[in-house]
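Secondary and tertiary structure notes
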Amino acid sequence: MKDLAVRLAALDADAGAALRVIAYFDSLVEARAGLQPIVRGAAVLADCAARLTDDERRVRIRVTAAGVSAWQDEAPRQEWMSATAGSATLRLERVGPPGPVEAMILERAASAARAVLDRARGRAATADPASAELIVDASAPADVRLQAGRRLGLADSAYAIALPAEIRVLSGPVPDLPGRAGIGPAAAILDLPASWAAARVALRFAAEGTDEDPGPQVVHAAELGSLALLAEVGDQSAAPDVKALEHASAAAPWMLTTLHTTAASISLRAAATALRLHHSTLQDRITHAEQLLGWNVREPRGRLRLQLALALRRLHRHP
Amino acid sequence: MTLSVELTPPPFDPELGAALPAILEMMPAVLSADLIPAIREGISSNALGSPTDDDLSRDGKFTVEQRQVPGLDGDPDISLLILTPTTATGALGCVYHTHGGGMIIGDNRLGVPDMLDWAEEFGLVVVSVEYRLAPETPHPGPINDCYAGLAWTAEHAAELGYEPGRLIVAGASAGGGLTAALALMARDQGGPALAGQMLICPMLDDRNDTISSRQMAGLGVWDAAANNTGWTALLGAARGGPDVSPYASPARETDLSGLPPTFIDVGSAETFRDEDVAYATRIWQAGGRAELHVWPGGFHGFDGMVPQAALSQEAKAARVRWLHRVLDI
């Protein structure tokens, strides 16, 4: 039994073919078909592979003339017939200026794809706080959360980002963030509540990056390891070592930054470089700090104790 | 009982629905018996027409042969289209095929390309029977032709070059109904042992009164009116009455035990949905083996007419997976 492509090929460039193309994509749009059927429609009707790409929205779909989904990494050729659909591009993998039917296929498929992109993937993750809240809510029904994932344009794997007053959920690389942020581990869509919980813990370990609160502004939950357990101990300010840190910090504005950099650097020399201090100046400062703290921060055990104290102090500052 | 509420049909799958208008243009409405000759004429001249010998040989992968074999009990000879793989290694199997066409149209090349796809993958001899059509030949002529061809095919396994234990029967639509009837006859009359029966959107029930047949009236492909035309051509005034043989209308069989492993698929948006689901259910209830696929939003014969659609690809793949289970022994 012959199929639609043959039927269209037989019609070729006459008005009937153009009408058929219009009706086909109108029908897909009306039935709220997704991007795959639209790209497949272009491929089948044009009888050559078609692809839709949108780097901004992380969309890439390629379908062969037989209707089989088959992405190919090789870059599209300049000479291929193409049409733009907002930030997306639809291409027929065929060289040359499009004939009337091909032009119609490109135009209608691009327009249909654009409608879907605007509907389903139109907004960046940050612009849809309600969906982001929903997707990290373990008590919400699974299908509702999956739907929110599609609204946010998420891939199968995504992660949560905790900002001081905002939830973000996204797939792909971590974007530039405005200040303190905790990054949750990558997870399947339905496991994002756990990613969110971990991101919130990570956020508590994130510092302002000031003299008052030195440290990294962005913390990945996956890199915390057992440190994350500290977030579960009650009032961190009660720890004597945290009190000692506060006591020491009152002595000099450089105190906390110096101690943090020392604890975080591979050697005193590296710490001095990072702090733009002469090595001997740093030695003097640390000696002073050790007197105030009451322990040696240069030997391994004391260094760990300092790291823990700094971490507990940060947790206390960011409840 | 008459339902006073209007029945809401399930929506077509978006891709299939978009392709449907082009399909319907090629597919004339089968409204009454007097249109049958014109429909046969129309179909042979358009894109729905039969594949040629060249198409069937697939660049020499198959030999194409027509064999005249005796009909049942003095009936006229029947013609079998026999396609034998030329390059297959290892033991061959065989698929015996009964074509579709509502009992009233089509020939034994219709649907054969799908059989060849399987033949290439599994190493099968394809035998497709040219049974006489209704209304010129009413029941039991068509099924008897099919059965005579099956018996000949089973008796000539050695000559055809396949292992007798790897014989399956397959057909779509009316061919699916004939296939189901063949399995019943083979069971009842000590006929060939079958390794499986593949019933593709089969036409099983002359009563034509299920919810799905009423839901889809006037919609999609092969609606209740067309179905009525087909069954009436085969059965005449007996259609829907108390005296219809299960070999004409397999849904009439009260005992569905002792059948070979069965595959049934059907679209949710077609006349045959409910009778096909019921057939699978009754095979299980009789302690049999059946695999049932209901493809959401599929119209009758969707995978053949819109092979590129995602749903069609899945439907074809499901058949191949079942064939692996039945034939990979």
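Below, the structure is looked at part by part. Note that the structure is a prediction, hence the values are computed from the model and not measured.

Structural notes on the overall build of chain A
If you tally the helices and strands in chain A, you get twelve helices and nine strands. Within chain A, the proportion of its 319 residues that are buried is 39%. For chain A, the proportion of contacts with a sequence separation of at least 24, taken over those separated by at least 6, is 57%.

Points about the overall build of chain B
Broken down by element type, chain B carries twelve helices and eight strands. Within chain B, the proportion of its 329 residues that are buried is 53%. Of the contacts formed within chain B by residues at least 6 apart in sequence, a portion of 73% connects residues at least 24 apart.

Quick look at unusual backbone geometry
In the segment running from Ala134 of chain B into Pro135 of chain B, the intervening peptide bond is cis, with an omega of 5 degrees. You can see Pro135 of chain B is positioned in the loop between strand 4 (124-130) and helix 5 (141-155). Residues His139 of chain B and Pro140 of chain B are joined by a peptide bond in cis, for which omega reads 5 degrees. One can find Pro140 of chain B in the loop between strand 4 and helix 5. A positive phi is found at Arg276 of chain A, a non-glycine position, where the angle reads about 55 degrees. In this fold, Arg276 of chain A is placed in the loop between helix 10 (268-275) and helix 11 (279-293). Given 7 C-beta atoms within a 10 Å radius, Arg276 of chain A is considered exposed.

A short note on the nonpolar core
Ranked by size, the top nonpolar core spans 79 residues in total, and within it Cys94, Val95, Ala119, Val126, Ile168 and Leu182 of chain B carry the most contacts. Broken down by element, this core gets its largest block of residues, nine residues, from helix 7 (residues 174-188) of chain B. Beyond its immediate chain neighbours, meaning those up to four positions away, Leu182 of chain B contacts Cys146, Tyr147, Leu150 and Val169 of chain B. Listed in part, the 56 residues of the second largest apolar core include Leu52 and Ala85 of chain A together with Ala19 and Leu20 of chain B.

Overview of the sheet that holds strand 2 (residues 59-63) of chain A
The strands making up a sheet associate through backbone hydrogen bonding, with each pair oriented either parallel or antiparallel. Residues and elements named next belong to chain A. With antiparallel pairing, the four strands of this open sheet are ordered in space as 2-1-4-3. Sheet topology places strand 2 and strand 3 (80-85) at the edges, where each strand pairs with a single neighbour. Between one strand and the next, the sheet's axes are offset by a mean angle of 15 degrees, whatever the strand orientation. Here four bridges tie strand 1 (residues 50-54) to strand 4 (residues 88-95), and the two strands are oriented antiparallel to one another. Each bridged residue has a counterpart across the sheet, and for Thr53 the counterpart in strand 4 is Thr89. Of the strands in this sheet, strand 1, strand 3 and strand 4 touch helix 4 (residues 100-120), which is tilted by about 35 degrees from strand 3.

With respect to helix 12 (residues 300-317) of chain A
Residues and elements named next belong to chain A. Between its terminal C-alpha atoms helix 12 stretches 26 Å, which fits the 26 Å expected from 18 residues at 1.5 Å a residue. Along helix 12, the positions that sit buried rather than exposed are Leu306, Ala309, Leu310, Ala311, Leu312, Arg313, Arg314 and Leu315. Looking at the buried side of helix 12, the elements it contacts are helix 7 (192-205), helix 8 (240-249) and helix 9 (255-264).

Thoughts on helix 6 (residues 142-151) of chain A
All names here are of chain A. Residues of helix 6 that are buried include every one of Arg145, Ala148, Gly149 and Arg151, and no others. Buried residues along helix 6 cover an arc of 160 degrees about the axis, so they all sit on one side. Exposed residues lying more than 90 degrees from the buried face of helix 6 are Ala142 and Asp143. The inward-facing, buried residues of helix 6 abut helix 4, helix 5 (129-135) and strand 5 (157-163). Backbone geometry just after helix 6 places Gly153 at a positive phi near 70 degrees.

With respect to the packing of helix 8 of chain A against helix 11 of chain A
Residues and elements named next belong to chain A. Their axes nearest at 9 Å, the elements helix 8 and helix 11 cross at an angle of 130 degrees. In terms of orientation, helix 8 and helix 11 fall into the oblique class. Considering how the two elements wind past one another, helix 8 and helix 11 form a crossing that is right-handed. Residues Ala244, His247 and Ala248 of helix 8 pack against Ala289, Leu292 and Leu293 of helix 11. Of the residues in the contact of helix 8 with helix 11, the class split is five nonpolar, one polar and no charged.

Rules and cut-offs
- Residues numbered from 1 in each chain as written.
- Chains lettered and ligands numbered in written order.
- Predicted model: local features only at pLDDT ≥ 70, side-chain atom pairs only at ≥ 80, totals over all residues.
- Helix = DSSP H or I, 4+ residues; strand = E, 2+ residues; numbered from the N terminus.
- Buried ≥ 20, exposed ≤ 12 C-beta atoms within 10 Å, placed from the backbone.
- Contact = placed C-beta atoms within 7 Å.
- Core = buried A, V, L, I, M, F, W, Y, C linked by C-beta atoms within 7 Å.
- Pairing = 2+ DSSP bridges.
- Axes fitted to C-alpha atoms, helices over the stretch in contact; angles between N-to-C directions.
- Expected span 1.5 Å × (residues − 1).
- Arc of directions from axis to C-beta.
- Parallel < 35°, antiparallel > 145°, perpendicular 65-115°, else oblique.
- Left-handed = near helix turned anticlockwise from the far one by under 90°.
- Nonpolar A, V, L, I, M, F, W, Y, C, P; charged D, E, K, R; others polar.

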